[in-house]
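Chain and residue survey
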Amino acid sequence: MTGLSRDIGIIGYGSARYDKKPRQSLFGYMAEAARNALASAGVAKHEVDGLAADMTNTPDTAVTMAEYFGLTTTWSHSGSSGGTGALLSVARAIRAVEEGQANYVLCIGAGAQDVAAFKQRVTRFNSAIMDYMMPHGFGGMPGIFALIQRKHMETYGTTRAQLGRVSVDLRANARQNDAALLRGPMELDDYLNAPVIADPLGLYDCVMPCSGGEAVLIGPLDRVPREKGVRMLSVRESNNYPANQIVPLNGGWEAFRDDMYGQAGYGPSDMDFVQLYDDFPIMAAIQIEDLGFCPKGEVGRFLEDNRLTFDGSFPVNTGGGQLSCGQAGGSAGLLSVVEATRQLRGEGERRQVPGARRGVVSGFGMISFGRGLAAAAAVMEQNR
């Protein structure tokens, strides 16, 4: 697989304020995030001729979004792989600009939903859930990931207290992020004593559905000051891995990580932070293993030995991640890309990782019968 251009990358980013209940339409959130991304890059709306969109529960696409935004586009892409879609959209947008199919591409993800709307959406998430799980009393996503966590605990001796470090440390990061919806203090005892949702998962293992939006602008890196550009050095995806397994304890990241690091020219020890798809702590833990930060089955001890806070020994989801910011539909996969961009531009404010030069961003999604089907990851670096 050929590498991504070192001259094209992320030149702007923006977010739409997160809300527990929608305060505007889906396209309102997308427009708010897009305006902020353009402003951070100093690029005018009329210069944008490419759109990549990740939306939820809507018949609209990047093409209809062009109409609503009043843009004429020469390239468009609509994500179709859930929590990996936004990350892959960014990579495809970089290739589109490199190939001359567009000059500037807005990559946008958003959701306008409350908990009730989310519950309705997951019942028709895909045919496997509708045809094979709903008829038997499908209990939502926590029921699936409770099985994965229980299996990991029984196979490797992982404990709830170890996995709780993910929720607790990410909440500490969120307390430095005024945009996070959940910023109240959390200690390990709070996590362990929270109401049970699906044994062994408790309340603080589960993301909160919400509304909001994220956007990045792709274009030539020389359009912005050197230190404000962000490169994507390498990106990989793997779907339906491992095939024909129910409740697996590994994912596609282990299949492509060596190629991803090899193309980037860096390894796990060279990363200053990781931005993981944290729909549940157990999946953040599995990504830590499968991306090569610790051997398979040893993530429990790894979590005990490291602090995941922005100023800790292993910074993870420096803005609080989905577990504390909320899961805003199609913006979920882009949240990590935006936070990585913020860190690499040195704009993390109170949660800035000192000297951040590069990091890994991962995605996960398309939950089906007993597992997620889609995995992706990328190495991102400050333009130097």
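Remember, it's a predicted structure, so these values are computed and weren't measured experimentally.

1. Overview of the overall build of the protein
- Across its full length, the protein carries 13 helices and 11 strands.
- The principal-axis extent of the C-alpha atoms belonging to the protein is close to 55 × 45 × 40 Å.
- With 384 residues in all, the protein has 61% of them scored as buried.
- Contacts in the protein between residues far apart in sequence, at least 24 positions, make up 77% of those at least 6 positions apart.
- Carbon and sulfur atoms make up 48% of the accessible area of the protein, which totals about 14,500 Å².

2. Notes on the packing of aromatic side chains
- Evaluated as defined, the whole model comprises seven aromatic pairs.
- Ring geometry for Phe293 against Phe314: centres 5.1 Å apart, planes inclined by 65°, an arrangement best described as edge-to-face. Of the two residues, Phe293 sits in the loop between α10 (281-290) and α11 (299-305) while Phe314 sits in the loop between α11 and α12 (321-325), which places them 21 residues apart along the sequence.
- We classify Phe314 as buried; its relative accessible area is 10%.
- Seen in terms of ring centroids, Phe302 and Phe314 are 4.9 Å apart; in terms of plane orientation they differ by 90°. Their pairing is edge-to-face. Pair noted here: Phe302 is in helix α11 and Phe314 is in the loop between α11 and α12, with a separation of 12 residues, a long-range link. The same class applies to Phe302 and to Phe314, which are both buried.
- Cluster of aromatic residues (ring-pair linked, three or more members): Phe145, Trp253, Tyr277, Phe280 and Phe364.
- Against the face of Tyr266 rests Arg358, its NZ or CZ located 3.7 Å from the ring centre.

3. A word on the pattern of salt bridges
- For the coordinates displayed, the defined rule picks out 20 salt bridges.
- The partner of Glu47 in a salt bridge is Arg223, and the shortest N-O contact between them spans 2.8 Å. With Glu47 in the loop between α1 (26-41) and β2 (50-54) and Arg223 in the loop between β7 (211-220) and β8 (230-239), the pair connects residues that are 176 residues apart, well separated along the chain.
- A relative accessible area of 23% means that Glu47 is categorised as partly exposed.
- What emerges from the salt-bridge pattern is a single network uniting Arg17, Asp19, Arg23 and Glu32.

4. Brief notes about the state of the cysteines
- Under the criterion given, the structure shown has zero disulfides.
- Left unpaired, Cys325 is separated from the closest cysteine sulfur, that of Cys210, by 8.3 Å.

5. Let's talk about the packing of helix α9 (residues 253-264) against α10
- At their nearest, the axes of α9 and α10 sit 9 Å apart, and the two run at 45° to each other. Looking at the two axes, α9 sits oblique to α10. With respect to the hand of their crossing, α9 and α10 are arranged in right-handed fashion. Where α9 approaches α10, its residues Trp253, Glu254 and Arg257 are matched on the opposing element by Met283, Ile286, Gln287, Glu289 and Asp290.
- Here the residues of the contact of α9 with α10 sort into three nonpolar, one polar and four charged.

6. Describing unusual backbone geometry
- With an omega of 10°, the peptide bond running from Asp199 to Pro200 counts as cis.
- Mapped onto the elements, Pro200 comes out in the loop between β5 (196-198) and β6 (201-202).
- Here the bond from Tyr241 into Pro242 is cis, since omega is -10°, no more than 30 degrees from zero.
- At Val247, a position not held by glycine, the phi torsion is positive, near 55°.
- As for its placement among the helices and strands, Val247 is situated in the loop between β8 and α9.
- With a relative accessible area of 12%, Val247 lands in the buried category.
- At Met366, a residue that is not glycine, the phi angle is positive and equals roughly 55°.
- Along the chain, Met366 turns up in strand β10 (residues 358-367).
- The class for Met366 is partly exposed, based on a relative accessible area of 25%.

7. Comments concerning helix α7 (residues 160-174)
- With 15 residues, α7 extends 21 Å from end C-alpha to end C-alpha; this agrees with the ideal 21 Å at 1.5 Å per step.
- Burial within α7 is extensive, with 12 of its 15 residues counted as buried.
- Turning to α7, its buried residues number three or more, namely Arg160, Gln162, Leu163, Gly164, Val166, Ser167, Val168, Asp169, Leu170, Arg171, Asn173 and Ala174.
- Those residues of α7 that are buried are in contact with α6 (141-156), α8 (188-192), β6, α10, α11 and α12.

Rules and cut-offs
Residues numbered from 1 in each chain as written. Predicted model: local features only at pLDDT ≥ 70, side-chain atom pairs only at ≥ 80, totals over all residues. Heavy atoms only, no water. Helix = DSSP H or I, 4+ residues; strand = E, 2+ residues; numbered from the N terminus. Buried < 20%, exposed > 50% of the residue type's maximum accessible area, 1.4 Å probe, protein only. Contact = heavy atoms within 4.5 Å. Areas by Shrake-Rupley, 256 points an atom, 1.4 Å probe, with all protein chains shown as cover. Phe/Tyr/Trp six-rings, centres within 6.5 Å; stacked < 30°, edge-to-face > 60°. Lys NZ or Arg CZ within 6 Å of the ring centre and 35° of its normal. Salt bridge = Lys/Arg side-chain N within 4 Å of Asp/Glu carboxyl O. Disulfide = S-S within 2.5 Å. Axes fitted to C-alpha atoms, helices over the stretch in contact; angles between N-to-C directions. Parallel < 35°, antiparallel > 145°, perpendicular 65-115°, else oblique. Left-handed = near helix turned anticlockwise from the far one by under 90°. Nonpolar A, V, L, I, M, F, W, Y, C, P; charged D, E, K, R; others polar. Expected span 1.5 Å × (residues − 1).

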